Amino acid sequence: MSTSMYIVYFIIIMLLPLYAQMKVKGTYNKFAKQRTMKGQTGAEVARAILDANGLYDVRVVPTQGVLSDHYNPATKTVALSESNFYEASVAGAAVAAHEVGHAIQHKEAYSMLTLRSKLVPVANISSNASWIFVMIGIFASSTNFLLLGIILLAAGVVFQLVTLPVEFDASKRALVQMNSLGIITNEEERPARKVLSAAALTYVAAAAVAVLELLRLILIFTNMRSDD
C-alpha cells in the first residue's frame, strides 16, 4: 500500500466514525427538544408497543448514560437512558420504539438476531485475541500468526455485518409500530425516521471501518507471502 493510500485509509477510519457520532448526537439533540403531540415518555412508548405485541413479561427500566439504550434478551429488559425514559420527545419515542423492535425480533425468533446472538461469544473472543496475533505476525514477520489474526478478526467483521440488518429491521419495526399505534403523527414521522437513520449510521460506519481494516491486513499478508 502506497503512502498516499495509507493517508486516505487513516482519514477514512478516523473521520467516518467521528462523522457518524456527530450526526447521531446532532440529530438526537435536535429532536430531543421536540415534544410529541401525544406527550408520551419513552417509557410509556416502550410499554405501549410491548403490550400491543403481547410482550407483557418484558420490563422497561431506566439506565444511566446518554444514548445508552439497549434491549437485553437474557433478562427481557428494555433499558432506556434516563432522558428518554422520563421525558416525552420525538427522539426519545424513536429510540424507545427501536429497542422494543429488538424485543419483537426476539419474540419472533428473527433469524439475523438469533445468528448475531450466537456470534457474540465468538466476536468477543476474536476481537480481543486477533490483534495479539496480528502484531506478533507483523513484528515477527510470521505469516502464520498474521493469518490466524486475520481469521479471528474476520469473525468480528462478520458480527458487524450481521448487526446491520438486525438494526435496520428494528428501526423499520419501530416506525410501523409508532404509526399503527398513533404514537406519532404524520408530521412527526419524518423527524423520527431521521433519528433512526442517524443511529443506524454508527453501525454502518463501524462495519465499514472493520471491513477496511480486514482488507488492509489481507493486503499486508499477501505482500509478506510474496516476499517469502
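Residues numbered from 1 in each chain as written. Predicted model: local features only at pLDDT ≥ 70, side-chain atom pairs only at ≥ 80, totals over all residues. Heavy atoms only, no water.

Visitor: Sorry if this is basic, but what is going on with the nonpolar core here?
Guide: One finds Ile49, Leu50, Val60, Val78 and Met178 to be the most contacted residues of the largest nonpolar core, which totals 32 residues. Among the secondary structure elements, those contributing two or more residues to this core are helix H1 (3–31), helix H2 (42–52), strand E3 (77–81), helix H4 (90–107), helix H6 (143–180) and helix H7 (186–227). If you tally residues by element for this core, the top one is H4, at 10 residues. Once residues within four sequence positions are removed from consideration, Leu50 is found in contact with Leu55, Val58, Val60, Val78, Val100 and Ala103. Grouped together as the second largest cluster of nonpolar side chains are 11 residues, Val134, Leu153, Ala210 and Leu214 included. (Core = buried A, V, L, I, M, F, W, Y, C linked by side-chain atoms within 4.5 Å. Buried < 20%, exposed > 50% of the residue type's maximum accessible area, 1.4 Å probe, protein only. Helix = DSSP H or I, 4+ residues; strand = E, 2+ residues; numbered from the N terminus. Contact = heavy atoms within 4.5 Å.)

Visitor: Is there a simple way to think about the pairing of E3 in this case?
Guide: Each regular strand shows side chains that alternate between the opposite faces of the sheet. Burial within E3 is extensive, with 5 of its 5 residues counted as buried. Sheet topology places strand E1 (residues 59–63) next to E3; 5 bridges connect them, and they run parallel. Residue pairing across strands places Pro62 opposite Leu80, the latter belonging to E3. Inspection of the sheet shows strand E2 (residues 70–72) paired to E3 by 3 bridges, in the antiparallel sense. (Pairing = 2+ DSSP bridges.)

Visitor: What exactly am I supposed to notice about the packing of H6 against H7 here?
Guide: Direction vectors running N to C along H6 and H7 enclose 165°, while the axes themselves pass 9 Å from each other. In terms of orientation, H6 and H7 fall into the roughly antiparallel class. Taken as a pair, H6 and H7 cross one another with a handedness that is left-handed. Here the residues of the contact of H6 with H7 sort into 27 nonpolar, 5 polar and 5 charged. (Axes fitted to C-alpha atoms, helices over the stretch in contact; angles between N-to-C directions. Parallel < 35°, antiparallel > 145°, perpendicular 65-115°, else oblique. Left-handed = near helix turned anticlockwise from the far one by under 90°. Nonpolar A, V, L, I, M, F, W, Y, C, P; charged D, E, K, R; others polar.)

Visitor: I tried to follow the pattern of salt bridges on my own but got confused; where do I start?
Guide: Side-chain pairing between opposite charges can occur once the charged atoms of the two side chains come close. Under the definition given, this model contains 7 salt bridges. The salt bridge partner of Arg173 is Glu108, with a shortest N-O separation of 2.9 Å. Here the residue Arg173 occupies a position in helix H6, and Glu108 occupies one in the loop between H4 and helix H5 (111–139), the gap between them amounting to 65 residues. On the basis of relative accessibility, which here comes to 49%, the residue Glu108 falls in the partly exposed class. A cluster of three or more residues bridged by salt bridges with shared partners is formed by Glu108, Asp169 and Arg173. (Salt bridge = Lys/Arg side-chain N within 4 Å of Asp/Glu carboxyl O.)

Visitor: When you look at H4 in this model, what are you seeing that I'm missing?
Guide: Since one α-helical turn is 3.6 residues long, residues separated by three or four positions face the same way. A rise of 1.5 Å per residue sets the reference length of H4, with its 18 residues, at 26 Å; its end C-alpha atoms lie 26 Å apart and thus fit the reference within 8%. The buried count for H4 comes to 16 of 18 residues, which makes it a mostly enclosed element. Remark: Ala109 follows H4 within two positions and exhibits a positive phi of approximately 55°. (Expected span 1.5 Å × (residues − 1).)

Visitor: Sorry if this is basic, but what is going on with a nonpolar patch on the surface here?
Guide: On the surface, a nonpolar cluster with roughly 710 Å² of combined accessible area is contributed by Ile7, Phe10, Ile11, Met14, Leu15, Leu18 and Met22. Inspection of the secondary structure assignment puts Met14 in helix H1. (Patch = residues over 30% accessible without salt bridge, like charges linked within 9 Å, V, L, I, M, F, W, Y side chains within 5 Å. Areas by Shrake-Rupley, 256 points an atom, 1.4 Å probe, with all protein chains shown as cover.)

Visitor: For this particular structure, what's the right way to read H6?
Guide: The end-to-end C-alpha separation of H6 is 56 Å, in line with the 56 Å expected for 38 residues at 1.5 Å each. Just downstream of H6, Gly182 is the residue with a positive phi angle, here 70°.

Visitor: For this particular structure, what's the right way to read a positive patch on the surface?
Guide: Positive charge collects at one region of the surface, where Lys23, Lys30, Arg190 and Lys194 lie side by side. With respect to the helices, strands and loops of the structure, Lys23 is situated in helix H1. Lys23 sits in the partly exposed class, given a relative accessible area of 38%. (Lys, Arg positive; Asp, Glu negative; His and termini not counted. Charge placed at Lys NZ, Arg CZ, Asp CG, Glu CD.)

Visitor: What should I look at first to understand the confidence of the model for the chain in this one?
Guide: A low pLDDT means the predicted coordinates there should not be read in detail. Put simply, the chain has an average pLDDT of 92, and 97% of its residues get 70 or more. In the model of the chain, H1 stands out as the element of lowest mean pLDDT, 84, in contrast to H2, which has the highest, 98. (pLDDT = per-residue confidence, 0-100.)

Visitor: What exactly am I supposed to notice about the packing of H5 against H6 here?
Guide: Pairs of packed helices are described in terms of their axes, by the angle between the two and the distance that separates them. Where H5 contacts H6, the two axes come as close as 6 Å, and the packing angle between them is 150°. In terms of orientation, H5 and H6 fall into the roughly antiparallel class. Along this stretch, H5 crosses H6, giving a crossing that reads as left-handed. Partitioned by chemical class, the residues of the contact of H5 with H6 number 25 nonpolar, 6 polar and 2 charged.

Visitor: Is there a simple way to explain the UniProt feature "transmembrane region" (unreviewed entry) in the chain in this structure?
Guide: Cross-referencing UniProt, the feature "transmembrane region" (unreviewed entry) maps to residues 6–24, 119–139, 145–164 and 200–221 in the present numbering. Helix makes up 100% of residues 119–139 and strand 0%, and the two end C-alpha atoms of the span are 30 Å apart. Counting secondary structure, residues 145–164 comes out at 100% helix and 0% strand; the distance between its end C-alpha atoms is 30 Å. (UniProt positions renumbered as here; feature names shortened; annotations may be inferred.)

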